[in-house]
Amino acid sequence: MFSFCRYVGIIPLEVILILTKLYDFNLGAVTESSLWRSFDYGSTYSKLNDKVGSRTVLSYLYVCPTNKQKIMMLSDPEVESAVLISSDEGASFEKHPINFNILSLLFHPAQENWILAYSHDSKLYSSMDFGKKWQLIHDNVMPGRFYWAVMGLDRESDVVHIETRIAKGRAQYVKCRAQRCTEGSRLNLFPGHVDTNSLVVQDEYVFTQVTKSGRASYFVSYMRESFKRMKLPKYCLPKDMHIISTDEKQVFAAVQEWNQNNTYSLYISDSPGVYFTLSLENLRTSRGPGGNLLVDFYKVEGINGMYLANKLLDSHVKTFITYNKGQTWALLPAPATDVAGNNLHCILPFCSLHLHLEMSENPYTSGPITSKKPVPGIIVATGNTGTALSSTNLGMFITSDAGNSWRQIFDEEHNVWFLDNGGALLAVLHAATPIRHLWISLDEGKKWDRHSFSLAPLYVDGVLMEPESDNHIITFFGHFSQRSEWQLIKIDYKGLFNRRCMDGDYQKWHLHNKGELCVMGEKQIFMKRRPGNRCMLAQDYSRIYSSDPCLCTAYDFECDYGWERQADGKCSPAFWFNPNGATKSCSTSQSFLNSTGYRKVLSNNCKEGGRNVYSPKRQACRPRPPRGLRLSTSQAELSAAVGSNVTFMVYLDEGDSLRTSIQLDFGDGIKITYSNLSRTDDGINHIYRSTGIYRVTASAENNQGSDSSTLFLHITSPVERVYLSTPTVAVRGKEVNLTAVVWPSHIRTLTFFWWFENSSEPIITLEGSVSYTFQREGINKVTVQVASGSNIMQDSKVITVKEFFRSLLLSFSLALDEHNPDIPEWREDIGRVVRTALSQVSGVPEKQLLVSLYPGLPSTAELFILPDEHTSREHKSGSEGALETLSDIFVTALNQGLIQFELKADININVYMIQQTLAPLVDSNSIHGGSATLMLLTVVFVGLAAFFIYKFKRKMPWIHVEAEDRHEKEPEVISTVGQNDNMSKVKLSEFPSPKELMEKELEARSRGGSGRNMERIVTRGFPNCTNV
């Protein structure tokens, strides 16, 4: 059994709600739940199951952070999906069924009734009436990547920041209103895609990440302005980054550099979060139960600029402390003695104190380290002394002077809480065995009084208290045995004190760093209760007595971007950084602030003397020629989709940017000129309307000189269809042309990969055609893959390769056109049926025949007659004669109307011959005179064409002409149509080109099986005959 415990109500909080659940390990599920309520600080409890439904199984209990009278509970989604709402501290509940399963809730930071709910199916919902009604905001939302508006930064308080997944590893940053998040009202504030699980909205900052070519780039928006690339030292080359803190308008980030594996480095930014400098290398990290990164880094509460960190040094993990926000780090001094008073002989730097800095995942335990703002300077932590941090032989240590000295208070690990606004300490042994004693200290851990809180030893699961309240109630909860009921023990420790603290009960305490009183640029004096005084602290008493600024030193400043701290404490430029490159600092005035290599630590209050050694110096902008002009897209991509908005960024390393004009030539005939560099701060947007590779050139010019930068941008669109045009049959040893037709058409942006036979490597071209010679007879498969960016499509064809062959052109009865859906699969089936019919009539084996239908209407085909595969090359001439004989047989059969097949019941289709091949049978080994052969073929072709056009006016198949009333007697040269057959006519001038055929094929493929409902397409032309 396990539980959730919460204080609810109006301060002082008197009501406690406890939700307990019984988990059945045999069933692997929660089978029962109980809700308990106390209205007297835990003295008595009443069971509320009848108010929420006796059969309702509850899963989670939430208390509104801005109004603790409002309670929301979730039912177990395995039983039902519902929310239970209370507005009276749990005295009554309303049950509201919902149609989704809630995985997590996010309450608005100011509006008590506004809630975001994330569902199990990655959908985000909003409610503006504390859960009574829900509205879908967006689907495909990444878990934990949704945020309410930050008050004072977002214009509307109901704004929601969302990361939505659009593809594997890719997401989009979306901003919209909680109740008006329609497609048209959503804002995509980041130009382009971001990495999944990278959006962080925290205080004044919005962070995101984009990975290209294996390298991550990080972006930040400060005060909701446009995104800027975060600048880490040039050769940091980060593999991973996690935001640790954004306190005081500054970013602390854990960065895993290119040469780090299990450690991260701490980097600190300027106020906008753009320029980062190294603070501490090799921070120790670990992974939480959910895989989240845990960094051993701890901010000490109540002391400005004080942090603790665990660093891996020479294979040992050691704890370091800083008092100046990471400018200098030092080991922790160990106590002089142990808890028994024995000397430890632990001398710096060979031996020191090491602390565990993890945060507790259990809200009812203190965790290994704790500090509180009401008690500045007091830190209690689990750790050990020695050369390195250990996970064994742990003890408890305390400092009362902000880490300058430490004392050991227990030799075993304890949970320690601050009581009475920090005036007292409560310690409970952290053990797997039952206990019955607790320890109380009123003098900052110097003396501990033992008290018994239970008659029988109790397995303590946690302690419930309300630190912001003036009540003095703590509640222990646990069980006496593994099978016993829950036990709750209320303790009122108010009796430890005899009065309220007065002025005389306080003493002054000077904050210092090893005797140096100036910490973070000021001398601070705090008020603390005198140890041992048994008076109760007022919640609102002032802790700081006085604060006086100090004169600045080098360590009140951090090294500026591009500068590094040297052994003598001074900042010097890194080898890769040019400190003389002033660019945009001269973009708005005649002078600029030139860095001295230092920038003041944020929230440091020191005052510089008369020399102002460290602050930037104002200098006049002297004329300089532009140098180091760089041009890139906003996401460093070299490709973009046609029609998309491309943002170009222009950077100048050196030069007078105020007087330097910038011209950008987009490469598509459009140019734009800016009077100075500052006008390009937010980037330059442009939309390309057609595909291609564009040469984009940026030019910078002033009266001192000029510079330019060029990139080549690929504008692409996804390939939707590919059609591979090949001959059905080819002659061995003869070159054939293969063409890939792509839709939509592209210009110089595609890569073609041609795969032939069993080749292990493709032929790669930038054009959609290639010539190839097949050297092996038989069946050869050709595949072309067309790549456009990450989009790849392909088409394949089978080519039969022979030494020689014969072909005839075929047409069909008009009835076939009425049932022709004009798709490849249909043509393949009809070709197979025709081949079978031809074989049955002629007795020629099917393996010697190929029938290929052409795309488009009217329906036409080509018959290929192949030689017997068993015929040897020595008997080639005889085989050629055999093909001539077979051709004559098919001509006769086709002319006599003997070739037909049944398409459907009562629909028979006749197959006819259009004409014989226009060239004689070609022998691959024949040699003819080049010019004589060309002249002969030209004369024969012209003669035959004229003969067909002028002399023979028969109605030819699959060609439409206007109806004629004349019944002219036509010469019967090749009778292809019976007297009763109705056929269409064609003009040879209308015969199609190969390109037209390919386009018809693509259109047919796009139609798929739409069949007769599509507009019929009449082929305006004749398929190319295979001239062999």
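This structure is a prediction, so every number in the text was calculated from the model and none was measured.

S.K.: Please clarify how the overall build of the protein should be interpreted in this entry.
M.R.: Assigned secondary structure in the protein consists of six helices and 75 strands. Sequence separation of at least 24 residues holds for 54% of the intrachain contacts in the protein that already meet a minimum separation of 6. As displayed, the protein offers around 49,800 Å² of accessible surface, 50% of which is attributable to carbon and sulfur atoms.

S.K.: Help me out: how do you make sense of helix 3 (residues 824-842) in this one?
M.R.: Spacing of three or four residues puts side chains on the same side of an α-helix, whose turn is 3.6 residues. Taking 1.5 Å per residue as the helical rise, helix 3 with its 19 residues ought to reach 27 Å, and the 27 Å between its terminal C-alpha atoms agrees with that figure. Listing the buried residues of helix 3 in full gives Pro824, Trp826, Arg827, Ile830, Gly831, Val834, Ala837, Leu838 and Ser839. Following helix 3 by one or two positions, Gly843 has its phi on the positive side, about 80°.

S.K.: Can you help me understand the state of the cysteines in this one?
M.R.: Think of a disulfide as a covalent bridge from one cysteine sulfur atom to another cysteine sulfur atom. Summed over the entire model, instances satisfying the criterion amount to six disulfides. Across the disulfide from Cys176 sits Cys181; the S-S distance is 2.0 Å. One disulfide, between Cys176 and Cys181, carries an S-S torsion of -90° and so falls in the left-handed class. Cys181 matches Cys176 in its accessibility class, with the two residues each being buried. Put simply, Cys552 and Cys606 are joined by a disulfide, and their sulfur atoms are 2.0 Å apart. Judged by the sign of its S-S torsion, about 90°, the cystine formed by Cys552 and Cys606 is right-handed. Of this pair, Cys552 sits in the loop between strand 48 (544-549) and strand 49 (557-559) while Cys606 is found in the loop between strand 53 (598-600) and strand 54 (617-620), placing the two residues 54 residues apart along the sequence.

S.K.: Would you explain the sheet that holds strand 42 (residues 487-492) in this entry?
M.R.: Consider a sheet: its strands pair through backbone hydrogen bonds, and that pairing is either parallel or antiparallel. Read across the sheet, three strands follow the order 40-41-42 without closing on themselves; strand pairing throughout is antiparallel. What marks the edges here is a single partner per strand, and that holds for strand 40 (459-464) and strand 42. Each adjacent strand pair in this sheet contributes to an overall mean axis angle of 25°, direction not counted.

S.K.: What should I look at first to understand unusual backbone geometry in this one?
M.R.: Keep in mind that most residues, glycine aside, have a negative phi and that most peptide bonds are trans. The step from Leu348 to Pro349 runs through a cis peptide bond, and the omega angle for that step is 0°. By the element assignment, Pro349 lies in the loop between strand 30 (330-331) and strand 31 (352-355). Cis rather than trans, the peptide bond between Leu857 and Pro858 has omega equal to -5°. Mapping Pro858 onto the fold places it in the loop between strand 72 (849-853) and strand 73 (860-865). Of note in this structure, Met520 is not a glycine but carries a positive phi near 55°.

S.K.: Is there a simple way to think about the side chain of Lys318 in this case?
M.R.: Mapped onto the fold, Lys318 is located in strand 29 (residues 316-322). Here Lys318 is buried and forms no salt bridge, its nearest opposite-charge partner Asp314 lying at an N-O distance of 7.1 Å. In this structure the side chain of Lys318 is engaged in a polar contact, spanning 2.4 Å, whose partner is the backbone oxygen of Thr387. In this structure, Lys318 is in contact with Ala309, Asn310, Lys311, Leu313, Leu331, His354 and Thr387, ignoring residues within four places of it in sequence.

S.K.: So what exactly am I meant to see when it comes to the nonpolar core here?
M.R.: Most often, soluble globular proteins keep nonpolar side chains buried together rather than apart. Residues Phe812, Val834, Leu838, Leu863 and Phe890 are the most contacted members of the largest nonpolar core, which totals 30 residues. Elements with a minimum of two residues in this core: strand 71 (806-812), helix 3, strand 72, strand 73, helix 4 (876-895) and strand 75 (907-916). With six residues, helix 4 is the largest single contributor of residues to this core. What Leu863 contacts, discounting residues up to four positions off in sequence, is Arg806, Ser807, Leu808, Leu810, Leu838, Leu849, Leu850, Val851 and Phe890.

S.K.: Please explain the pattern of salt bridges as it appears in this structure.
M.R.: Where charged atoms from two side chains of opposite charge come close, those side chains can pair. Counted under the stated rule, the structure contains 26 salt bridges. With a shortest N-O distance of 3.0 Å, Lys70 and Glu112 are connected by a salt bridge. With Lys70 in the loop between strand 5 (58-63) and strand 6 (71-75) and Glu112 in the loop between strand 9 (102-107) and strand 10 (115-119), this residue pair connects regions lying 42 residues apart in the sequence. Overall, Lys70 belongs to the buried group, its relative accessible area being 11%. Two residues, Arg534 and Asp449, come together in a salt bridge whose shortest N-O distance is 3.8 Å. A residue pair is termed long-range when its members are at least 10 positions apart, and Arg534 in the loop between strand 46 (522-529) and strand 47 (535-536) and Asp449 in strand 39 (residues 449-452) qualify at 85 residues. By relative accessible area, which is 36% here, Arg534 ends up partly exposed.

S.K.: What should I look at first to understand the environment of Thr710 in this one?
M.R.: Here Thr710 is to be found in strand 62 (residues 705-716). Counting along the chain gives 79 residues from Thr710 to Leu631, while the straight-line C-alpha distance between them is 6.7 Å. Beyond its immediate stretch of four places on either side in the chain, Thr710 contacts Arg695, Val696 and Thr697. Within the local environment of Thr710, its side chain forms a polar contact with the side chain of Thr697, the two groups lying 3.5 Å apart.

S.K.: Got a minute to help me understand the sheet that holds strand 65 (residues 735-743) in this structure?
M.R.: Strand order in this open sheet of three strands is 63-65-68, and the pairing throughout is antiparallel. Strands at the two margins of the open sheet, each flanked by one partner only, are strand 63 (721-725) and strand 68 (769-773). With strand direction ignored, the average angle separating the axes of adjacent strands in the sheet is 20°. Across five bridges, strand 65 lies against strand 68 in antiparallel orientation. Following the sheet pairing, Glu735 is matched in strand 68 by Thr773.

S.K.: Sorry, what's going on with a nonpolar patch on the surface here?
M.R.: Together, Tyr235, Leu237, Trp258 and Phe575 make up a nonpolar patch on the protein surface, roughly 500 Å² of accessible area in all. Counting through the fold element by element, Tyr235 comes out in the loop between strand 21 (228-229) and strand 22 (240-245). Its relative accessible area of 43% is what places Tyr235 among the partly exposed residues.

S.K.: Explain the environment of Arg436 to me, please; I cannot follow it from the model alone.
M.R.: Among the structural elements, Arg436 can be located in the loop between strand 37 (424-429) and strand 38 (437-441). Distance in space between the C-alpha atoms of Arg436 and Leu458 is 6.0 Å, their sequence separation being 22 residues. With near-sequence residues (within four places) excluded, Arg436 lies in contact with His451, Ser452, Phe453, Ser454, Leu455, Ala456 and Pro457.

S.K.: Where do I start with the confidence of the model for the protein in this structure?
M.R.: Interpreting fine coordinate detail is not advised for predicted regions of low pLDDT. Mean pLDDT over the protein: 84, with 85% of residues reaching 70 or higher. This model gives residues 1004-1028 a pLDDT under 50, and the stretch forms 80 contacts once residues within four places in sequence are excluded.

S.K.: Can you help me understand the side chain of Gln848 in this one?
M.R.: Its location among the elements puts Gln848 in the loop between helix 3 and strand 72. By relative accessible area, Gln848 is classed as buried at 12%. Residues contacting Gln848, with those up to four places away along its chain left out, are Phe864, Ile865, Leu866, Pro867, Asp868 and Leu886.

S.K.: I tried to follow the packing of aromatic side chains on my own but got confused; where do I start?
M.R.: The description of an aromatic ring pair rests on the distance of the ring centres and on the angle between the ring planes. Enumeration over the complete set of coordinates arrives at 37 aromatic pairs. Centre to centre, the rings of Tyr205 and Tyr222 are 5.2 Å apart; their planes meet at 35°, and the pair counts as tilted. In this pair, Tyr205 sits in strand 19 (residues 205-212) while Tyr222 sits in strand 20 (residues 215-222), placing the two residues 17 residues apart along the sequence. Each member of the pair, Tyr205 as well as Tyr222, is classed as buried. Residues Phe252 and Phe297 carry aromatic rings whose centres are separated by 5.8 Å and whose planes lie at 35° to one another, so their mutual orientation is tilted.

Criteria and thresholds
- Residues numbered from 1 in each chain as written.
- Predicted model: local features only at pLDDT ≥ 70, side-chain atom pairs only at ≥ 80, totals over all residues.
- Heavy atoms only, no water.
- Helix = DSSP H or I, 4+ residues; strand = E, 2+ residues; numbered from the N terminus.
- Contact = heavy atoms within 4.5 Å.
- Areas by Shrake-Rupley, 256 points an atom, 1.4 Å probe, with all protein chains shown as cover.
- Expected span 1.5 Å × (residues − 1).
- Buried < 20%, exposed > 50% of the residue type's maximum accessible area, 1.4 Å probe, protein only.
- Disulfide = S-S within 2.5 Å.
- Pairing = 2+ DSSP bridges.
- Axes fitted to C-alpha atoms, helices over the stretch in contact; angles between N-to-C directions.
- Lys, Arg positive; Asp, Glu negative; His and termini not counted.
- Salt bridge = Lys/Arg side-chain N within 4 Å of Asp/Glu carboxyl O.
- Polar contact = N/O pair within 3.5 Å; in protein donor to acceptor, adjacent residues only side chain to side chain.
- Core = buried A, V, L, I, M, F, W, Y, C linked by side-chain atoms within 4.5 Å.
- Patch = residues over 30% accessible without salt bridge, like charges linked within 9 Å, V, L, I, M, F, W, Y side chains within 5 Å.
- pLDDT = per-residue confidence, 0-100.
- Phe/Tyr/Trp six-rings, centres within 6.5 Å; stacked < 30°, edge-to-face > 60°.

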